[in-house]
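Observations on the model geometry
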Amino acid sequence: MNQEREPDFAVSPLFPGQGSQAVRMGRGMAAAYPESAACFDEASDVLGIPMRRLCWNSSPEELRATENAQPALVTASVAIWRGLEAEGLAPSAVAGHSVGTLSACVAAGSLTFACAVALARQRGLLMASAPGDGAMCAVTAGGGERVALMARSVRMGLNVAADNSPRQFVVSGDRRRVEEFTDLVGRRAKALDVSHAFHSRLMEPVRERWSEAVAAVTVHDPRVPVGLPSRGRPSCEVSEIRADLVRGLCEPVRWREVTGALLDRPEPVVAIGPGRVLVGLARQMPGTPQVPVVDSPASLAALTRRLAGSPGNRPAPSRGARAVES
């Protein structure tokens, strides 16, 4: 990235979690921006994995594997963000859904990219190794019905894995119980294509090893607030960011609250690709906000044109120095 360029605009980026991965993700940005291409090469060096092949030429089944999806998604997400930085965009606040928190921490300067992609790989391997036969399903419901179904899932021995929006939540747990709950809810429930019960008590057997992995890396003071999915609010405190990374393995993603906090800020919220899951969830928030997604040079050009037409949008003052990547 050109370190001499002063940022032109401030945005609040949202980074996706597992499930948003797609073959060829980040390829267009890597072709257009050397800063983006460098992320794939650095990830390959750090992990000993040919990241370009994994992200661009693997099969959907190979990419879907948790131990592959998580580092690949962090790599592609940060690569796309590097393109925004190259075009003069700076973060005002950041947030990521589940493993996307690692991408958000890179954008905030709290983690180096090398640390983040290494943690993503460790996280994916640990989660994939968790014992038990788990499953997850997403439920579409609002108002009192939503509250009642959440309570019913807990009574059936499941965990609420994510509170995504006023109209969607996710449950996680033992596969048989998830299937029973899905049958009970009917067409409002959708089984998720995952191998384990993420964000549930079934992740507890690998929590200690994940805590040790997080403790072993340096977390820097972020330049801007980082949304904490397990807390449902932003923070600039290193201790809280580190604790949230650990808690996020077993505890629910309070995405509705995190998204609301960023939408309350004056700067525009932008979903960083791949995928459009976060755009759909944002539209379910009060006021039906329109959040653009950036996943290609064309969508980035459209965003910069839009921002250029809003002269009041300028970057917020930085908080601390940017972490130096090794």
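Because the structure is a prediction, the values reported are computed rather than measured.

1. Details of the pairing of strand β5 (residues 159–165)
- Of all seven residues in β5, seven are buried, a share of seventy percent or more.
- The turn linking β5 back onto strand β6 (residues 168–174) is made up of two residues.

2. Observations regarding the layout of surface pockets
- Space inside the largest pocket adds up to approximately 790 Å³.
- Taken together, 35 residues line the largest pocket, and the ones lying closest to its centre are Gln18, Gly19, Ser20, Leu192 and Val194.
- Breaking the lining of the largest pocket down by element, the ones donating at least two residues are α5 (66–86), α7 (113–129), β4 (134–140), β5, β6, β7 (189–191) and α13 (277–283).
- A per-element tally of the lining of the largest pocket places β4 first, with four residues.
- Here the residues of the lining of the largest pocket are counted per class, giving 16 nonpolar, 14 polar and five charged.

3. Some words on the environment of cysteine 236
- Note that cysteine 236 resides in the loop between β9 (233–235) and α11 (238–247).
- Overall, the relative accessible area of 17% leaves cysteine 236 in the buried class.
- In this structure the C-alpha to C-alpha distance between cysteine 236 and glutamate 85, which are 151 residues apart in sequence, comes to 21 Å.

4. Regarding the confidence of the model for the protein chain
- Put simply, the protein chain has an average pLDDT of 93, and 94% of its residues get 70 or more.
- Confidence drops under pLDDT 50 across residues 317–326; counting only partners more than four residues distant or on other chains, this segment forms 26 contacts.

5. Looking at the sheet that holds β5
- If you trace the four strands from one edge of the open sheet to the other, you get β5-β6-β4-β7, paired in antiparallel fashion. A single partner strand is all that each edge strand has here, and the edge strands are β5 and β7. Across the sheet, the mean angle separating the axes of adjacent strands is 25° when strand polarity is ignored.
- Note: β4 against β6, seven bridges, orientation antiparallel. The residue bridging cysteine 137 from the neighbouring strand is valine 171, located in β6.
- Packed on one face of the sheet, helix α9 (residues 175–185) meets β4, β6 and β7 and runs near 20° to β4.

6. Notes on helix α8 (residues 143–155)
- Here α8 contains 13 residues, and its C-alpha end-to-end distance of 19 Å stays within 8% of the 18 Å for a straight helix at 1.5 Å per residue.
- Positive phi shows up at glycine 157, right after α8, with a value of about 90°.

7. Focus: the state of the cysteines
- For the structure shown, the criterion picks out zero disulfides.
- Not engaged in a disulfide, the cysteine cysteine 250 finds its nearest cysteine sulfur in cysteine 105; these two sulfurs lie 18 Å apart.

8. Structural notes on helix α10 (residues 207–215)
- All of the buried residues in α10 are Trp210, Ala213 and Val214. Angularly, the buried residues of α10 cover 95° about the axis, an arc narrow enough to put them on a single face. Every exposed residue of α10 that faces more than 90 degrees away from the buried side is listed here: Glu208 and Ala215.
- For α10, the secondary structure elements touched by its buried residues are α7 and α11.

9. Things to note about empty space enclosed by the protein
- This model, assessed by the stated rule, comprises one cavity of 30 Å³ or more.
- One number sums up the size of the largest cavity: a volume of about 120 Å³.
- Residue lining of the largest cavity: 15 residues in total, with Ser98, Thr101, Arg123, Leu245 and Gly248 positioned closest to the centre.
- Secondary structure elements with two or more residues in the lining of the largest cavity: α6 (100–107) and α11.
- Of the residues in the lining of the largest cavity, the class split is seven nonpolar, five polar and three charged.

10. Describing the environment of glutamate 145
- Along the chain, glutamate 145 turns up in helix α8.
- When the C-alpha positions of glutamate 145 and arginine 167 are compared, they lie 9.9 Å apart, and in sequence the two are 22 residues distant.

11. Notes on the pattern of salt bridges
- Using the criterion set out here, one finds 15 salt bridges in the structure.
- The residue aspartate 41 makes a salt bridge to arginine 52 at a minimum N-O spacing of 3.0 Å. Of this pair, aspartate 41 sits in helix α2 (residues 34–47) while arginine 52 is found in helix α3 (residues 51–56), placing the two residues 11 residues apart along the sequence.
- Residue classification places aspartate 41 among the partly exposed positions, given a relative accessible area of 36%.
- Two residues, arginine 146 and aspartate 163, come together in a salt bridge whose shortest N-O distance is 2.1 Å. Of this pair, arginine 146 sits in helix α8 while aspartate 163 sits in strand β5, and the two are 17 residues apart along the sequence. The same class applies to arginine 146 as to aspartate 163, namely buried.
- Residues participating in the shared-partner salt-bridge network are Arg146, Asp163 and Arg256.

Cut-off values and rules
Residues numbered from 1 in each chain as written. Predicted model: local features only at pLDDT ≥ 70, side-chain atom pairs only at ≥ 80, totals over all residues. Heavy atoms only, no water. Buried < 20%, exposed > 50% of the residue type's maximum accessible area, 1.4 Å probe, protein only. Helix = DSSP H or I, 4+ residues; strand = E, 2+ residues; numbered from the N terminus. Pairing = 2+ DSSP bridges. 1 Å grid on protein atoms, 1.4 Å probe; cavity = no way out; pocket = protein on both sides within 12 Å on 5 of 7 lines; lining within 4 Å. Points joined across faces, edges and corners; volume = space filled by probe spheres on them. Nonpolar A, V, L, I, M, F, W, Y, C, P; charged D, E, K, R; others polar. pLDDT = per-residue confidence, 0-100. Contact = heavy atoms within 4.5 Å. Axes fitted to C-alpha atoms, helices over the stretch in contact; angles between N-to-C directions. Expected span 1.5 Å × (residues − 1). Disulfide = S-S within 2.5 Å. Arc of directions from axis to C-beta. Salt bridge = Lys/Arg side-chain N within 4 Å of Asp/Glu carboxyl O.

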